[in-house]
2 protein chains.
Amino acid sequence: MNVLWVFAHPERRSLNGSLRDEGVRALADAGHDCRHSDLYAMGWKPTVDRDDFGERPGPSDDRLIVTSASRRAHRDGTLSPDIRAEQEKLDWADAVVLQFPLWWYGMPAILKGWFDRVFVKGYAYGVTDPGHPGRTLRYGQGLLAGKRALVVVTAGSPEPALGPRGINGWLDHVLFPLLHGTLWYTGMTVLPPVAVYGADRLPPREYEEAAALLRERVTSIGDTEPLPFRFQNGGDYDDDLVLRPDLAPGATGLGVHYAP
Amino acid sequence: MNVLWVFAHPERRSLNGSLRDEGVRALADAGHDCRHSDLYAMGWKPTVDRDDFGERPGPSDDRLIVTSASRRAHRDGTLSPDIRAEQEKLDWADAVVLQFPLWWYGMPAILKGWFDRVFVKGYAYGVTDPGHPGRTLRYGQGLLAGKRALVVVTAGSPEPALGPRGINGWLDHVLFPLLHGTLWYTGMTVLPPVAVYGADRLPPREYEEAAALLRERVTSIGDTEPLPFRFQNGGDYDDDLVLRPDLAPGATGLGVHYAP
């Protein structure tokens, strides 16, 4: 398979850097091809702004409307070259690994800005569903459908505190905006994340376990059972895109969007 | 009150910009003082890197460990001047408004990078609890305790799709990493967020309603009932920081961290 490895840590000589090396070596040994977006090493610009869209100045300085400007720039081929280079890598990839340390229970800004800038309208979303006028292809269908996505995170927290009733919030739900709201939204097949806990003080034996887990997970990236998120257009949601009352009856919150 | 308004939209002439102007005017009319962090206008740098910490190069180029480097730089007064300027505004503030468009179900990268860079160890977290050796003051206690925080978001989604069973995830839970994992974590008093839905095509009447809501919410920022998040050190969590089994028995997910 063709695997794009997106890496968002400022220090190569870190736990994240070591794990990346392990994962990439395992992919190569298994015969996969790997390309890289090492965001810090690339000096990736995280901020969406007017410069992304390569528009000639209008009669005056027109108001910037991000979604329409990005769609137009994508259509006209005027997106900034660094964005187009990332899209070209994504086009090539059958699977994407997204690796980062959990900072404030989310992605480092540099990685959030990779999604903000690369996943533009017309490239990653915004295609009308011919079967449901007024709906777009999202959540299990869409322009990135067919690609697999694996999130790899390190967290300072011990595992119980990121568990189903842990104080930091259940990791699967804390990552919902990425796993469901971004990757599944664009149609990708989302695999259960790999998490390394207690990352600030990992003893050697636990490092070996984490490395072994990562090697196993990246080499099986093509056939791991994905998270069972519900499809938007599969009949589970009503016309307002609210889960039908007979499914997970009475329940609320993020867990209802997983099919049993 | 002293209010710091953090604004993360690239276009002043946007729905977000107009709402900000309404909110700021209402604060002034009510006699509050307001300072601003308009992140795009400031050219805010979102990316945590070695330059933040003002360290002289060591004997060789030492490995960067973000938490310890940031704590050391905060202690020694060598944090980059743009970070110290934001901390000085936060020190001044009794309340903080955080206003942004919801991009990929989270903050724009420029705002995520404000937290990543400003909320460093020793400034926003990392103080040992004298009452619980081995624990730090977090979640309802901490270095930013006493300050109030109000999140103001615009979302393209209609309200039902961000509701308790809506396909995009319940907004309160989608924002959990910010509301609970960042603001409550540092001890702040977190108010229910203000959300403006259908933001891509808001008719004038709905704009007026949104502006009225925002004016009401910012002028009552000092006495709005906060979200009832559980305190870490209030007895609800066990030694592993897992919610005690007699509280919200059998339930999992983010909702368990709200007290009834």
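Note that the structure is a prediction, hence the values are computed from the model and not measured. (Residues numbered from 1 in each chain as written. Chains lettered and ligands numbered in written order. Predicted model: local features only at pLDDT ≥ 70, side-chain atom pairs only at ≥ 80, totals over all residues. Heavy atoms only, no water.)

Draft legend 1. View of the packing of aromatic side chains. The final tally for this structure, using the stated rule, is 26 aromatic pairs over all chains. Ring geometry for W104 of chain A against Y185 of chain B: centres 5.3 Å apart, planes inclined by 85°, an arrangement best described as edge-to-face. In this pair, W104 of chain A sits in the loop between strand 3 (95-101) and helix 5 (109-118) while Y185 of chain B sits in the loop between helix 7 (176-184) and strand 5 (189-190), so the two residues belong to two different chains. You can call Y185 of chain B buried: its relative accessible area is 10%. Here W114 of chain B and F119 of chain B contribute two aromatic rings whose centre-to-centre distance is 5.8 Å and whose plane-to-plane angle is 50°, an arrangement assigned as tilted. Here the two residues W114 of chain B and F119 of chain B agree in accessibility, since each one is buried. An aromatic cluster is built from W104 and Y105 of chain A together with W114, F115, F119, Y125, Y139 and Y185 of chain B, whose rings are joined through pairwise contacts. (Phe/Tyr/Trp six-rings, centres within 6.5 Å; stacked < 30°, edge-to-face > 60°. Helix = DSSP H or I, 4+ residues; strand = E, 2+ residues; numbered from the N terminus. Buried < 20%, exposed > 50% of the residue type's maximum accessible area, 1.4 Å probe, protein only.)

Draft legend 2. Focus on the domain arrangement of chain A. Residues and elements named next belong to chain A. In terms of domains, chain A is made up of domain 1 (2-226) and domain 2 (230-260). Using only C-alpha atoms to locate each centre, domain 1 and domain 2 end up separated by 25 Å. Listed as interface residues are 14 residues of domain 1 and, on the opposing side, 12 residues of domain 2. Taken together, both faces of the contact between domain 1 and domain 2 bury some 1,100 Å²; the carbon and sulfur share is 50%. When the buried surface of domain 1 facing domain 2 is broken down by residue, R135, H173 and F176 rank first, second and third, together holding 47% of it. In this assembly, domain 1 and domain 2 are joined by 0 salt bridges. Our count for the contact surface shared by domain 1 and domain 2 stands at 8 residue pairs in polar contact (both at pLDDT 80 or more). Those elements that provide at least two residues to the side of domain 1 that touches domain 2 are helix 6 (171-174) and helix 7 (176-184). Looking at which element gives the most residues to the side of domain 1 that touches domain 2, the answer is helix 7, with 3 residues. Grouping the amino acids of the side of domain 1 that touches domain 2 by side-chain chemistry returns 4 nonpolar, 6 polar and 4 charged. (Domains from an automatic or database assignment. Contact = heavy atoms within 4.5 Å. Buried area = accessible area lost by both parts, 1.4 Å probe. Salt bridge = Lys/Arg side-chain N within 4 Å of Asp/Glu carboxyl O. Polar contact = N/O pair within 3.5 Å; in protein donor to acceptor, adjacent residues only side chain to side chain. Nonpolar A, V, L, I, M, F, W, Y, C, P; charged D, E, K, R; others polar.)

Draft legend 3. Focus on the packing of helix 4 (residues 81-92) of chain B against helix 5 (residues 109-118) of chain B. All names here are of chain B. Contact geometry of helix 4 with helix 5 gives a least axis separation of 10 Å together with a crossing angle of 90°. Classified by the interaxial angle, the pair formed by helix 4 and helix 5 is roughly perpendicular. Within the contact between the two elements, helix 4 uses D82, I83, E86, Q87 and L90 and helix 5 uses W114, R117 and V118. Per-class residue counts for the contact of helix 4 with helix 5 are 4 nonpolar, 1 polar and 3 charged. (Axes fitted to C-alpha atoms, helices over the stretch in contact; angles between N-to-C directions. Parallel < 35°, antiparallel > 145°, perpendicular 65-115°, else oblique.)

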